[in-house]
Amino acid sequence: MVDLFIDRVLLKNNKDQDELDTEREIIMRLQNRILMLFFASATCETCRQFAPTLSDFYKQLTDEFYVDRAAQLVLLYISLDQSEEEQEGFLKELPKRCLFLAYEDPYRRELEAMFNVEEVPTVLVLRPNCSILIPNAVDEILRLGTDCYHNWQEAAELIDRNFMNKEDFEEKSMRSFSDPVRRLKYKVEDEKKKKKKKKRKGWGGGGDEGVEADGGAGDKEGGGSPW
């Protein structure tokens, strides 16, 4: 999931519309969470009708007023509005905790094409590894309410971060992001060590082994020396 937005700027739907624009901020906000991409438009009547339901759904799962521990869930609004004014107006119907892409960011339309979004409203649910969990969860949310999340959580095989302290989780998040680079580094170092070891054997460390090997070969071919 992080890979989808690591080079992007995400905005918070608060008064100041604070930015998440550093790698660390993006990782800490999205790592090990289920992501709901909400594709909608202010000109869509069905979208406007669904927005309060989605907002309540998200609040009941993530707001401390409703739950002791917030669900590992992120709501990201992907605007398909025709103007920035329309987008700003629609954002007022969504939770303050949700994120969104700036209207001028072309990535909005790229995501629409990437996931073949053909109707609005669409709530595309993604696992932490960016694979699609639910192509469109609108009907499921209307039908099951917050029970949806428990099904998603099990299907996505989330690591329960509530049983990890903050320092451990931050370390795990940053480590998991850099693991491929570290594995490559260690692989190169291991190869260098093997080559050095081989050279040392050739300089004399493995001389006895060479003599024994030659002697054994001679015995096999000519029956060995009588002396």
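What you see is a predicted model, and the numbers here were worked out from it, not measured in a lab. (Residues numbered from 1 in each chain as written. Predicted model: local features only at pLDDT ≥ 70, side-chain atom pairs only at ≥ 80, totals over all residues. Heavy atoms only, no water.)

Draft legend 1. Structural context of the overall build of the protein. Across its full length, the protein carries nine helices and seven strands. The 227 residues of the protein split such that 38% are buried. By sequence separation, contacts in the protein at least 24 residues apart represent 65% of the contacts at least 6 residues apart. Surface summary for the protein: the accessible area is close to 14100 Å², and the carbon and sulfur share equals 48%. (Helix = DSSP H or I, 4+ residues; strand = E, 2+ residues; numbered from the N terminus. Buried < 20%, exposed > 50% of the residue type's maximum accessible area, 1.4 Å probe, protein only. Contact = heavy atoms within 4.5 Å. Areas by Shrake-Rupley, 256 points an atom, 1.4 Å probe, with all protein chains shown as cover.)

Draft legend 2. Molecular detail of the side chain of R29. Here R29 shows up in helix α2 (residues 23-30). Summary of buried charges: R29 has no salt-bridge partner, and the nearest side chain of opposite charge, E64, is 10 Å away. At a separation of 3.3 Å, a polar atom in the side chain of R29 contacts the main-chain carbonyl oxygen of R97. Each residue touching R29, except ones within four places of it in the same chain, is listed here: L20, Y58, V74, R97 and L99. (Lys, Arg positive; Asp, Glu negative; His and termini not counted. Salt bridge = Lys/Arg side-chain N within 4 Å of Asp/Glu carboxyl O. Polar contact = N/O pair within 3.5 Å; in protein donor to acceptor, adjacent residues only side chain to side chain.)

Draft legend 3. Seen up close, the environment of Y58. Take Y58: it is sitting in helix α3 (residues 45-62). Taking relative accessible area as the criterion, Y58 reaches 1% and is therefore assigned buried. Through-space distance from the C-alpha of Y58 to that of A71 is 9.1 Å; in sequence the pair is 13 residues apart. The contact partners of Y58, leaving out residues within four places of it in the chain, are R29, M36, D63, L73, V74, L75, P95, R97 and C98. At 3.5 Å, the side chain of Y58 forms a polar contact with the backbone nitrogen of L75.

Draft legend 4. Structural context of the environment of L10. Positionally, L10 belongs in strand β1 (residues 10-12). C-alpha of L10 to C-alpha of A102: the two residues are 92 residues apart in sequence and 7.5 Å apart in space. When residues no more than four places from it in sequence are discounted, the contact partners of L10 are F5, D18, E19, L20, I26, L30, L76, L99, F100 and L101.

Draft legend 5. Main features of the nonpolar core. The biggest cluster of nonpolar side chains holds 36 residues, and the ones touching the most others in it are M36, F38, L73, V123 and W152. For this core, the secondary structure elements donating two or more residues are β3 (34-40), α3, β4 (73-79), α4 (84-91), β6 (122-126), β7 (132-134), α6 (138-144) and α7 (147-156). Of all the elements, α3 adds the most residues to this core, at seven residues. Sequence-distant contacts of M36, that is, excluding residues within four places in its chain, are made with L54, F57, Y58, L73, V74, L75, L76, V123, L124, V125 and W152. Ranked by size, the runner-up nonpolar core spans 24 residues in total, among them V2, L30, L76 and L80. (Core = buried A, V, L, I, M, F, W, Y, C linked by side-chain atoms within 4.5 Å.)

Draft legend 6. Spatial organisation of the sheet that holds β3. Strand order across the open sheet formed by seven strands is β2-β1-β5-β4-β3-β6-β7, with mixed pairing between neighbours. A single partner strand is all that each edge strand has here, and the edge strands are β2 (19-20) and β7. Direction of pairing for β1 relative to strand β5 (residues 99-100): antiparallel, over a ladder of two bridges. Its bridge partner being in β5, K12 is matched across the sheet by L99. Across the face of the sheet, α4 comes into contact with β3, β4 and β5 while running at roughly 150° to β4. (Pairing = 2+ DSSP bridges. Axes fitted to C-alpha atoms, helices over the stretch in contact; angles between N-to-C directions.)

Draft legend 7. Representation of the packing of aromatic side chains. Evaluated as defined, the whole model comprises seven aromatic pairs. Ring geometry for F5 and Y107: centres 6.0 Å apart, planes at 85°, overall edge-to-face. A residue pair is termed long-range when its members are at least 10 positions apart, and F5 in helix α1 (residues 2-5) and Y107 in helix α5 (residues 107-114) qualify at 102 residues. Accessibility expressed as a relative area gives 5% for Y107, which makes it buried. Plain terms: the ring middles of F65 and Y66 are 5.2 Å apart, the flat faces sit at 85° to each other, and that makes the pair edge-to-face. Since its relative accessible area comes to 47%, Y66 is described here as partly exposed. Following the ring pairs from residue to residue traces out a cluster consisting of F38, F50, Y77 and F90. The positively charged end of R8 is found above the aromatic ring belonging to Y107, 3.9 Å away from the centroid. Stacked on the ring of Y103, the Lys or Arg R108 has its end atom at 4.6 Å from the ring centre. (Phe/Tyr/Trp six-rings, centres within 6.5 Å; stacked < 30°, edge-to-face > 60°. Lys NZ or Arg CZ within 6 Å of the ring centre and 35° of its normal.)

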